[in-house]
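# Descriptive structure summary
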Amino acid sequence: MLEAIDLVKEYPVRGSDRVVNALNGVSLTVGPGETLGVVGESGCGKSTLAKLLVRLEEPTSGRVMLDGVELTALTGRRLRERRRRIQMVFQDPYSSLNPRQTAGRTLDEVLTVHHLSGDARGRSRRVSELLDMVGLPPRFAERYPHEMSGGQRQRIGIARALAVEPQVLLLDEPVSALDVSVRAEIMNLLVRLRGELGLSYLFISHDVAMVRHLSDRVAVMYLGRVVEVGPWSEVLDRPRHPYTRALRDAVPVPDPRITGPIEATVTGEVPDPARPPSGCPFHPRCPLAEDVCRTVEPRLLDLAPGHAAACHVAARTAGQSGPVAT
Ligand code: SF4
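Only a predicted model underlies this, so the values are computations on that prediction, with no experimental measurement involved.

Turning to the environment of Leu170, a few remarks are in order. Residue placement: Leu170 occurs in strand β7 (residues 168–172). Relative accessible area serves as the criterion here: at 0%, Leu170 is assigned to the buried category. Remark: the alpha-carbon pair of Leu170 and Ala250, spanning 80 residues in sequence, is separated by 25 Å. Leaving out residues up to four positions away in the same chain, Leu170 has contacts with Leu2, Ala50, Leu53, Val54, Ile86, Gln87, Met88, Val89 and Leu202.

Structure below.
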């Protein structure tokens, strides 16, 4: 359904002729009704990927396809019509909602802009329906963002995304800014909505446990590249790439006293993306690095059915030098 093909995103470095490669040839697919988890440390390119998929930003090269139509080639009305089918839910619901608008006005505005649900009475009915879908009573239509809890605000953020009847939701760390006690509620809501509405999700998170809970497949990103992809049970329980293993084992123990994003930390510094290491970009942090890793960048290879990794050692262990995975 949704397909990223060889997406590259470069940002120029101010005052220099160098560029930062935020995305370095990322290819992914999200099938109908499927959830693809995208996991990696801060700066790995996962949020840039989401922005390119909804065309909040333009790729330097590569394509985005939705149901066989190339979104990256569309403009004007045709782009707006297609783009409506992919909606984004942001990490911080407070900053993504207008503080001077009630929840009802926010939802009504989306319906009005997209010419949905008819006249004022039809839109009002639809607003109540949307609130009900996300587990809020109709009286929440009168509330302003500051009159709601973080979880309630995120429910409004999800209702706003659903207002235009999308096929795909891009969930960018949708629970990491929330209190630990409400994260499970929002995750369960997302699971329920996916089943009821037949949605596909691209679920971005640094939290491997959350990805495991929601995803059918997982893509692990490092320094703007997909380094491992496959069914979550394969990738997280039998990781082939040393970075996936380190990320999985670095999952922080939940601490109810801490709210907001908790970063899992992998040993060693994330390299400067404007000066990526030669060869395998993970080699300065990799406990298995060999000479070849410092000079030759590994390709993403299928190592088992539906399970691919970009690692020289993993490929040798699997006895593979097969085709580039997609
Ligand atoms: Fe480590 Fe080498 Fe594999 Fe890179 S290619 S992850 S450096 S073993």
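A few words now on the site of the ligand. Near the ligand there are 13 residues, and of these Cys280, Cys286, Cys293, Cys311 and His312 occur at the shortest range. Considered class by class, the residues forming the shell around the ligand number 10 nonpolar, 3 polar and no charged.

Two modes of strand pairing occur in sheets, parallel and antiparallel, and in both the strands are linked by backbone hydrogen bonds. If you walk across this open sheet you meet the 4 strands as β2-β1-β4-β5, and the pairing is antiparallel. Edge strands, defined here as strands with exactly one partner in the open sheet, are β2 (19–30) and β5 (69–70). As judged from the 9 bridges shared by strand β1 (residues 2–12) and β2, these two strands associate in the antiparallel manner. Each bridged residue has a counterpart across the sheet, and for Ala4 the counterpart in β2 is Leu28.

Cut-offs applied
Residues numbered from 1 in each chain as written. Predicted model: local features only at pLDDT ≥ 70, side-chain atom pairs only at ≥ 80, totals over all residues. Heavy atoms only, no water. Helix = DSSP H or I, 4+ residues; strand = E, 2+ residues; numbered from the N terminus. Buried < 20%, exposed > 50% of the residue type's maximum accessible area, 1.4 Å probe, protein only. Contact = heavy atoms within 4.5 Å. Near = heavy atom within 4 Å. Nonpolar A, V, L, I, M, F, W, Y, C, P; charged D, E, K, R; others polar. Pairing = 2+ DSSP bridges.

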